[in-house]
Amino acid sequence: MSEEAHDQAHRHDPVYDSLHATAEFRALRSAYRKFVFPATVAFLVWYLLYVFCSNWADGFMDAKLVGNINVALIFGLLQFATTFGIAYFYANYSTKHLDPLARKLDEEYETGKRQL
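These figures come from a predicted structure and were not determined experimentally.

Engineer: Looking at this model, I keep getting lost on the overall build of the protein chain. Mind explaining?
Structural biologist: Per the secondary structure count, the protein chain includes five helices and two strands. In sequence order, the secondary structure elements of the protein chain are arranged as α-α-α-α-β-β-α. The buried share of the protein chain, reckoned over its 116 residues, is 18%. For the protein chain, contacts bridging at least 24 residues in sequence account for 68% of all contacts bridging at least 6. Accessible area for the protein chain stands at about 8,700 Å²; split by element, carbon and sulfur atoms hold 64% of it.

Okay, here's the thing in structure tokens:
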């Protein structure tokens with residue numbers, strides 16, 4: 001890596017630094033965390049429940065529901081449904097709560113860069 005590229009990588013844009021210190025930026029990060037942390041914890045608990053039941057609740061997971069379809073198969077399919085559901089809810093949440101804040105900050109960033 002050249003000296004110039006190395007120096008450029010370590011420099012911060014002063015406009016970004018000033019935006020980073022604003023209440024709007026903190027609100028954006030807070031709104032992001034408000035969705036992501038609980039959703040991640042909920043999904044991990046749900047996933048680990050599936051893993052633990054698969055290992056230690058054989059009788060429950062082997063229970064037939066309809067024909068050869070058992071609880072384990074339904075749990076496995078629900079893992080996929082949960083993943084798509086979280087992605088759908090995140091997209092809606094982001095559109096409603098995150099994108100307006102991010103657009104405002106982006107406009108301020110671009111305005112600040114033009115003024116430098």
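Now, onward.
Engineer: How should the UniProt feature "transmembrane region" (unreviewed entry) in the protein chain be read in this particular structure?
Structural biologist: When the UniProt feature table is mapped onto this chain numbering, "transmembrane region" (unreviewed entry) sits at residues 35-57 and 69-91. With 96% helix and 0% strand, residues 35-57 has its two end C-alpha atoms placed 31 Å apart.

Engineer: How should I be thinking about the nonpolar core in this particular structure?
Structural biologist: The nonpolar side chains of soluble globular proteins are, as a tendency, buried together. If you look at the biggest cluster of nonpolar residues, it comprises eleven residues: V15, L19, F25, L28, A31, F35, V36, A39, Y93, L98 and L105. Secondary structure elements with two or more residues in this core: α2 (14-20), α3 (23-56) and α5 (71-115). Of the residues forming this core, the biggest block, six residues, is contributed by α3.

Engineer: Would you explain the side chain of Q79 in this entry?
Structural biologist: One can find Q79 in helix α5. Setting aside its immediate chain neighbours within four residues, Q79 contacts F43, W46, Y47 and Y50.

Engineer: Looking at this structure, I do not really get the environment of Y32. What am I missing?
Structural biologist: Counting through the fold element by element, Y32 comes out in helix α3. Along the chain, Y32 and L98 lie 66 residues apart, while their C-alpha atoms are 6.8 Å from each other. Once you skip the residues sitting within four places of it in the chain, Y32 turns out to touch Y90 and L98.

Engineer: Can you help me understand the pattern of salt bridges in this one?
Structural biologist: Close approach of charged atoms allows side chains of opposite charge to pair. Tallying each qualifying case throughout the model produces two salt bridges. Here K104 and E108 are joined by a salt bridge, their closest N and O atoms 3.1 Å apart. A residue pair is termed a helical-turn pair when its members lie 3 or 4 positions apart in one helix, as K104 and E108 do in helix α5 at four residues. One salt-bridge network, held together by shared partners, links E24, K104 and E108.

Engineer: Can you help me understand the packing of aromatic side chains in this one?
Structural biologist: Aromatic ring pairs are reported here in terms of the distance separating the ring centres and the angle at which the planes meet. A complete count under the given rule lists seven aromatic pairs for this structure. Pairing W46 with F75 gives two aromatic rings, centres 5.3 Å apart and planes at 40°, and the pair type is tilted. A residue pair is termed long-range when its members are at least 10 positions apart, and W46 in helix α3 and F75 in helix α5 qualify at 29 residues. Between the aromatic rings of F60 and F75, the centroid separation amounts to 6.0 Å while the plane-to-plane angle is 80°, which identifies the pairing as edge-to-face. Taken together, the residues span a long stretch of sequence, with F60 in helix α4 (residues 58-62) and F75 in helix α5 at a distance of 15 residues.

Engineer: Sorry if this is basic, but what is going on with a nonpolar patch on the surface here?
Structural biologist: A cluster of nonpolar side chains, contributed by L65, V66, I69, L73, I74, L77, L78, F80 and F84, occupies part of the molecular surface with about 870 Å² of accessible area. Sorting elements by how many residues they give to the nonpolar patch places α5 first, with six residues. Relative to the assigned elements, F80 resides in helix α5. Note on F80: relative accessible area 54%, which makes it exposed.

Parameters at a glance
Residues numbered from 1 in each chain as written. Predicted model: local features only at pLDDT ≥ 70, side-chain atom pairs only at ≥ 80, totals over all residues. Heavy atoms only, no water. Helix = DSSP H or I, 4+ residues; strand = E, 2+ residues; numbered from the N terminus. Buried < 20%, exposed > 50% of the residue type's maximum accessible area, 1.4 Å probe, protein only. Contact = heavy atoms within 4.5 Å. Areas by Shrake-Rupley, 256 points an atom, 1.4 Å probe, with all protein chains shown as cover. UniProt positions renumbered as here; feature names shortened; annotations may be inferred. Core = buried A, V, L, I, M, F, W, Y, C linked by side-chain atoms within 4.5 Å. Salt bridge = Lys/Arg side-chain N within 4 Å of Asp/Glu carboxyl O. Phe/Tyr/Trp six-rings, centres within 6.5 Å; stacked < 30°, edge-to-face > 60°. Patch = residues over 30% accessible without salt bridge, like charges linked within 9 Å, V, L, I, M, F, W, Y side chains within 5 Å.

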